[in-house]
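# Summary of structural features
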Amino acid sequence: MDTDRIIDQLHIYEKKVLKAFEDSDRPLKPEEIAESQEMDIKSVMSAVGALESRGFVRVIKDVQEYVSLTDDGRVYAEEGLPERRLIEVLAGEGELDVSELAERAGLDRKESGIGIGWLMRKGWAKIDDGRVSPVQEGTPGRGADEELLQILLRGPVRPDELDDRLRAAYRDLAGRKGIIDIRKVKSHTIELTPEGRRLLERGVEIVEEATQLTHEHLKTGKWRELHYRGYNVDAEYPMVYPGKIHPLRRIINEIRSIFLALGFTESRGPVVESAFWNFDCLFQPQDHAAREMQDTFYVKNPPFAQLPTDDLVGRVQSVHEDGGSTGSEGWQYEWDVDVARQSVLRTHTTCVSARFLTENRPPLKMFSVGRVFRRETITYKHLPEFHQVEGIVAGEDVNFRNLLGILREFYRKLGFRVRFRPAYFPYTYLSTECEIYLPDKKSWIELGGAGMFRPEVLEPLGVETPVAAFGLGIERLAMIRLDIRDIRQLYQSDLGWLRKLPVTGDLQL
Ligand code: FA5
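Residues numbered from 1 in each chain as written. Predicted model: local features only at pLDDT ≥ 70, side-chain atom pairs only at ≥ 80, totals over all residues. Heavy atoms only, no water.

## Structural notes on the sheet that holds strand E4 (residues 131–134)
Stated formally: For two strands to count as paired, DSSP must find a minimum of two bridges between them. Numbering of helices and strands runs from the N terminus, with a helix taken as a DSSP run of H or I at least four residues long and a strand as a DSSP run of E at least two residues long. Any two residues having at least one pair of non-hydrogen atoms within 4.5 Å are treated as being in contact. For helices, the fitted line uses only the C-alpha atoms of the stretch in contact; every axis is such a line through C-alpha atoms, and the angle between N-to-C directions lies from 0 to 180 degrees.
Read across the open sheet, the three strands follow the order E2-E4-E3; overall the sheet is antiparallel. Looking along the sheet, the strands with just one partner apiece sit at the ends: strand E2 (96–97) and strand E3 (125–128). Bridge count between E3 and E4: four bridges; the pairing is antiparallel. Paired with Lys126 across the two strands is Ser133, which belongs to E4. In the packing of helix H6 (residues 82–93) onto the sheet, the strands contacted are E2, E3 and E4, and the crossing angle to E4 comes to about 80 degrees.

## Looking at the nonpolar core
Cut-off, in case you're wondering: For this analysis, a nonpolar core means a set of buried residues of the types Ala, Val, Leu, Ile, Met, Phe, Trp, Tyr and Cys, connected via side-chain atoms within 4.5 Å. The cut-offs for exposure are 20% and 50% of the maximum accessible area for each residue type, with area from a 1.4 Å probe on protein chains only; residues under the lower value are buried, those over the upper are exposed, and the others partly exposed.
If you look at the biggest cluster of nonpolar residues, it comprises 47 residues, and the most contacted ones within it are Ile255, Phe410, Tyr411 and Phe470. Top element by residues in this core is helix H18 (residues 400–413). It accounts for seven residues. Setting aside its immediate chain neighbours within four residues, Tyr411 contacts Phe416, Val418, Cys434, Leu447, Gly448, Leu472 and Leu477.

## Looking at the packing of helix H2 (residues 12–20) against helix H3 (residues 30–37)
Just so we agree on the cut-off: For classification purposes, angles smaller than 35 degrees are called roughly parallel, those larger than 145 roughly antiparallel, those between 65 and 115 roughly perpendicular, and all remaining angles oblique. Any residue outside Ala, Val, Leu, Ile, Met, Phe, Trp, Tyr, Cys, Pro, Asp, Glu, Lys and Arg is labelled polar, Gly included; the first ten of those are nonpolar and the last four are charged.
In the contact formed by H2 and H3, the axes pass within 9 Å of each other and the chain directions differ by 105 degrees. Between H2 and H3, the angle is such that the two are roughly perpendicular. Two secondary-structure elements touch here, H2 through Lys16, Val17, Lys19 and Ala20 and H3 through Ile33, Ser36 and Gln37. Class assignment for the residues of the contact of H2 with H3 results in three nonpolar, two polar and two charged.

## Things to note about the environment of Val369
Take Val369: it is sitting in strand E9 (residues 364–373). Its relative accessible area of 17% is what places Val369 among the buried residues. Residues Val369 and Arg417, spaced 48 residues apart in sequence, show a C-alpha to C-alpha distance of 22 Å. Those residues within four positions of Val369 in sequence are excluded, and the remaining contacts are Ile252, Arg256, Ser267, Gln388, Val389 and Ile474.

## Points about a nonpolar patch on the surface
Heads up, the rule is: Patch rule: a residue counts if its relative accessible area is over 30% and it has no salt bridge; like charges are joined within 9 Å, and nonpolar side chains (Val, Leu, Ile, Met, Phe, Trp, Tyr) within 5 Å. Surface accessibility in these figures is a Shrake-Rupley result with a 1.4 Å probe; residues are shielded only by whichever protein chains are displayed. Put simply, a salt bridge is a Lys or Arg side-chain nitrogen that is within 4 Å of an Asp or Glu carboxyl oxygen.
A contiguous nonpolar patch, built from Leu213, Leu218, Trp223 and Tyr228 and spanning about 380 Å² of accessible area, is present on the exposed surface. The topology assignment puts Leu218 in helix H12 (residues 215–220).

## With respect to the site of the ligand
Put simply, the rule is: Proximity criterion: a residue is near a molecule or strand once any of its heavy atoms comes within 4 Å of it. Think of a polar contact as two N or O atoms within 3.5 Å of one another; within protein, one of them needs to be a possible hydrogen donor and the other a possible acceptor, and neighboring residues in sequence only count if both atoms come from side chains. Both site types are read off a 1 Å grid over the protein atoms alone. A 1.4 Å probe that fits but cannot get out defines a cavity, while an open set with protein on both sides within 12 Å along at least five of seven lines defines a pocket; lining residues have an atom within 4 Å of a point. A molecule is counted as occupying a cavity or pocket when more than half of its atoms fall within 2 Å of that pocket's grid points.
Residues in close proximity to the ligand total 25 residues, the closest being His348, Thr350, Arg374, Leu383 and Tyr427. At 2.9 Å, a side-chain N or O of His348 approaches a nitrogen atom of the ligand. In the environment of the ligand, an oxygen atom lies 2.8 Å from a nitrogen or oxygen atom belonging to the side chain of Arg374. In the complex, 95% of the free accessible area of the ligand, which totals 680 Å², lies under the protein chains. For the ligand, the cavity whose grid points lie within 2 Å of the majority of its atoms is the largest pocket. At the level of elements, strand E10 (385–394), strand E13 (443–453) and strand E14 (467–473) are the ones that each hand at least two residues to the shell around the ligand. Element by element, the count of residues in the shell around the ligand is highest for E13, at six residues. Of the residues in the shell around the ligand, the class split is nine nonpolar, ten polar and six charged.

Pasting the structure below:
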């Protein structure tokens, strides 16, 4: 940006602060600026903040220590440290008993204890069998600590201004309780940067600024003479975090709009489902491993669900037992209606497709998004509760290739390239699973299952056309889309992460 434009954008206070450096090439204290520019300190500091954020000045923060005497310290400075008072008594008496010495020096027990300690430490006296005697004749000369006490009596000093001897004495005194106080005073000095100097040299003029354009200015034409400050569009601004839709919900919405755009009808079903719709209708034998308590949540209340009243139940039974009229042998076991009546938390959304097929005749395209539940050990890619999007396409000439095409198109719209591999589901043939490669984990992650519903599923439902079906995990998709390493992140209410996500547009970061 050119210099004149920048100068034009400066607030009058910022200009004043810069001008304070016109006759000075040393850093200035805010007080000095305030005085020379006739400003108050608050205005100086706020202008300095603005100038600093644009790199025209630098604030040097300094912390100074000041040492002063405490009330006790003042008494010691005036009357002598305890060891001085003791040695003066000893110098006259030669040798004294500890308590007698304390009494003669007018010290209490605590003070005399401290004093005797320092007598030894300073090498002024020795103690033998409870009797204290001076080491040399006469009173020892004044130590650096005592000298410092005298200096402090005149006022506070900064330790960095003391010579080595006095600084050592200062450390000794600081180590003795309650003699000196150390106070830290923060100070600021302001330095002009080379950029600031350049600005100043260009010529900063202080002109009256118009802050508001009034009706009067317009009417009289005075606005032509007024000076307006330019806007600084690069000025710092506070971050604002507006409310937004949770990223998982956004992906769900995106998925819904993709299927709606492809002409699918949306459907939904209950979360508490009967084993009949969740498993039996899908030709899943009653001894299938997925039905075990360790894989499926069975619901205690209500323990049983209402089954359809028409002969669908009977047709499902016969398909399980001997294949019914499908030409299959079925599973060859005795089907139990009570097992089918059990309430479960649905383990997939495929039950919604089964329900939909009983109520709607092909040709049709249906999708459904919903929560499903499994007794899973939680890992970076497994949750006990997650979302699936389920779909079916039914019609005379629907085939497996159409199914792969639909899935490829769906994932392409979301920005993914998937691979298909053969798979097994009790309710489909041919069956496939789609996967995507995670470079981070150097592994393929399964995104969903799909296949053509078997005749054993379709015949009891009374469907006579082929039905392509798929069920896809949504959290796994979200994980890859949002580039998160762990599926749990989606449910952690991690505000830092959520705030960083864009409010609208592409979620890919
Ligand atoms: C099924 O649920 C089949 N019903 C899909 C299907 C529908 C096949 C129609 C054929 C015809 P699966 O158990 O593989 O399949 O689950 C489908 C997807 O759900 C998985 O690929 C995965 O993306 C997701 N998923 C499965 N378990 C979990 C879990 N514990 N946490 C998060 N996502 C999961």
